[in-house]
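Understanding the architecture of this molecule
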Amino acid sequence: MFPRLVIDLSKIRRNTEKLLSILSEKNIDLVGVTKLFMGNPKLAEAYKKAGVGILADSRFENLRRIKEAGIEGPFMMIRIPPLSHIPKMMDLVDYFLVSEPEVCFKLDESVDRPVKLIYMVDVGDLREGVMYDKAVDEILNVRKNLKKAAVVGVGTNVGCFGGVLPTKDNLKFLIDVAKEIEAEVVSVGGTVYLLALENGILPSEINQFRIGEAVLLGTDVTGNRDIPYLEQETVILEAEVIEVKWKPSKPIGPTGLDSMGRKPEFEDKGERLRAILAVGEQDINPLGLKPLDEGAEVVHASSDHLIVDITEVERPIKVGDIMRFRTNYSATLRAVTSPYVEKVYIE
Ligand SMILES: *Cc1c(COP(=O)(O)O)cnc(C)c1O
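These numbers come from a predicted model, not from an experiment. One numbering rule holds for all chains: residues counted from 1, following each sequence as written. In view of the model being predicted, local features appear only for residues whose pLDDT reaches at least 70, and side-chain atom pairs are presented and counted only at 80 or more, with totals across whole chains, interfaces and linings using the full set of residues. Excluded from the side-chain calculation are hydrogens and water; included are all heavy atoms of the structure.

Each residue is tested against the molecule or strand, and it is near if at least one of its non-hydrogen atoms lies within 4 Å. Taken together, 14 residues lie around the ligand, and Lys35, Thr191, Arg210, Gly212 and Glu213 are the ones closest in. Taking Lys35, its side chain carries an N or O atom lying 2.7 Å from an oxygen atom of the ligand. What qualifies as a polar contact is a pair of N or O atoms within 3.5 Å, subject to a donor-acceptor requirement within protein and to the restriction that residues adjacent in sequence count only when both atoms come from side chains. Arg127 is positioned such that a nitrogen or oxygen atom in its side chain is 3.1 Å from an oxygen atom of the ligand. Every accessible area reported is derived by Shrake-Rupley at a probe size of 1.4 Å, with residue values counting cover from the shown protein chains alone. Coverage of the ligand by the protein chains reaches 94% of its 380 Å² of free accessible surface. Side-chain classes are defined by residue name, with Ala, Val, Leu, Ile, Met, Phe, Trp, Tyr, Cys and Pro counting as nonpolar, Asp, Glu, Lys and Arg as charged, and the others, Gly among them, as polar. For the shell around the ligand, the residue count by class is 5 nonpolar, 4 polar and 5 charged.

Attention now goes to the nonpolar core. Grouped burial of nonpolar side chains is what soluble globular proteins tend to show. In this text, buried Ala, Val, Leu, Ile, Met, Phe, Trp, Tyr and Cys residues form a nonpolar core when linked through side-chain atoms within 4.5 Å. Burial classes: relative accessible area under 20% of the type maximum marks a residue as buried, over 50% as exposed, and values in between as partly exposed (1.4 Å probe, protein chains only). Formed by 99 residues in total, the largest nonpolar core has its most connected members in Phe96, Leu117, Phe209, Leu277 and Leu306. Of the residues that make up this core, three or more belong to each of domain 1 (9-226) and domain 2 (235-346). For Leu306, the contacting residues outside a window of four places in its chain are Ala275, Ile276, Leu277, Val279, Ile284, Pro286, Leu289, Val298, His300, Ala301 and Phe325. Listed in part, the 12 residues of the second largest apolar core include Val31, Leu97, Met120 and Val185. Residue ranges assigned to each domain were obtained from an automatic or database domain assignment. Two residues form a contact once any of their heavy atoms are found within 4.5 Å.

Time to look at the packing of aromatic side chains. For Phe, Tyr and Trp, where Trp contributes only its six-membered ring, two rings pair if their centres lie within 6.5 Å, and the inter-plane angle classes them as stacked under 30 degrees, edge-to-face over 60, or tilted in between. Within this structure, the stated rule accounts for 2 aromatic pairs. A ring pair is formed by Tyr132 and Phe173, whose centres lie 3.8 Å apart and whose planes are at 0 degrees; its orientation type is stacked. Of this pair, Tyr132 sits in the loop between strand E7 (130-131) and helix H6 (135-144) while Phe173 sits in helix H7 (residues 168-180), and the two are 41 residues apart along the sequence. Judged by relative accessible area, Tyr132 falls into the partly exposed class, the value being 29%. By relative accessible area, Phe173 is classed as partly exposed at 25%. Taking the centre distance of 6.5 Å and the plane angle of 70 degrees together, the rings of Tyr193 and Phe209 count as edge-to-face. Here Phe209 lies in strand E10 (residues 208-211) and Tyr193 lies in the loop between strand E9 (185-189) and helix H8 (194-198), a separation of 16 residues in the sequence. The numbering of helices and of strands both runs from the N terminus, where a helix is a DSSP run of H or I of at least 4 residues and a strand a run of E of at least 2.

To continue, consider the domain arrangement of the protein chain. Interfaces are often sized by the accessible area lost when the parts come together. Considered domain by domain, the protein chain is made up of domain 1 (9-226) and domain 2 (235-346). Computed from C-alpha coordinates alone, the two centres of domain 1 and domain 2 are separated by 35 Å. Contacts between the two partners involve 14 residues from domain 1, matched on the other side by 11 residues from domain 2. We define buried area as the total accessible area lost by two parts upon association, computed with a 1.4 Å probe and summed across both. Carbon and sulfur atoms make up 69% of the area that domain 1 and domain 2 hide from each other, which totals about 1100 Å². By convention in these notes, a salt bridge is any Lys or Arg side-chain nitrogen within 4 Å of a carboxyl oxygen on Asp or Glu. The interface formed by domain 1 and domain 2 holds 1 salt bridge in total.

The following block contains the structure:
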């Protein structure tokens, strides 16, 4: 059945092995992030087979799924935990990323075994974490009031929200805090931190990378690149053609907004051969698809229809044919979470 997502586990395993070898030279642990695939145990297994220690996810449901498949942790919760989820996490999670004293105390009071907290420091991306200039006070204050839980380190995240890149300055903000609180673990993520490693600006105190995208897709969306030493086309979307017709490239008559509330702009290229595929905004982000057919161009999508200009494609494409696409992070995320997209894991 189509649409479907074909996920190449052997490529993902090779990417993991490659990164592990690069990071271990610098004494950095790789935490394998599974959230892009809803914590699918097959991915967790690929990480483990390659030699990853800690598995991490942003949703406890995903970690539960992994654990119930018989895969061993330790497990890390990489979204700062909602108070209401804490009771469901305590038997499951070994490491928590945290940023609120109240949450730390709640965790402390809920555990009957030692759990490890990594305090998030915001160095400018403006998602989670205590601002770096206020971090030391807040962390030391939390630490002295904990009984069973322990703040073992600090962490930061850039790229994901503000699109901030790792720099000497923002790395120093983190390291200064790490030194002050005598952090055992200095944890960074996501994938964009590989740039710091490659540029030689990564401080030696950093000993943990939380990585998903690089391994799972071979890309770095914040750095806007394919990572040259990793494999891409790990994930391919296959969708079925349901109409092929020559049509004008510009809509006819006055236009309002499209089904998604956007005002699409179309260049007038005259009559074009266009394929409609049975997949849409509900299943993918059309901007994140790259056709594998040379010359094909994604034009636009509505909820259930994807329009692709196939005028320049050499092979004849007809109704019932399958077109294949590489998917970026956001298109993959949506495809994985769409119940209408079949997932096929290949070795
Ligand atoms: C998603 C996430 C990561 C992994 O990021 P990638 O860019 O997919 O490698 C790491 N840390 C945190 C806190 C995250 O939310």
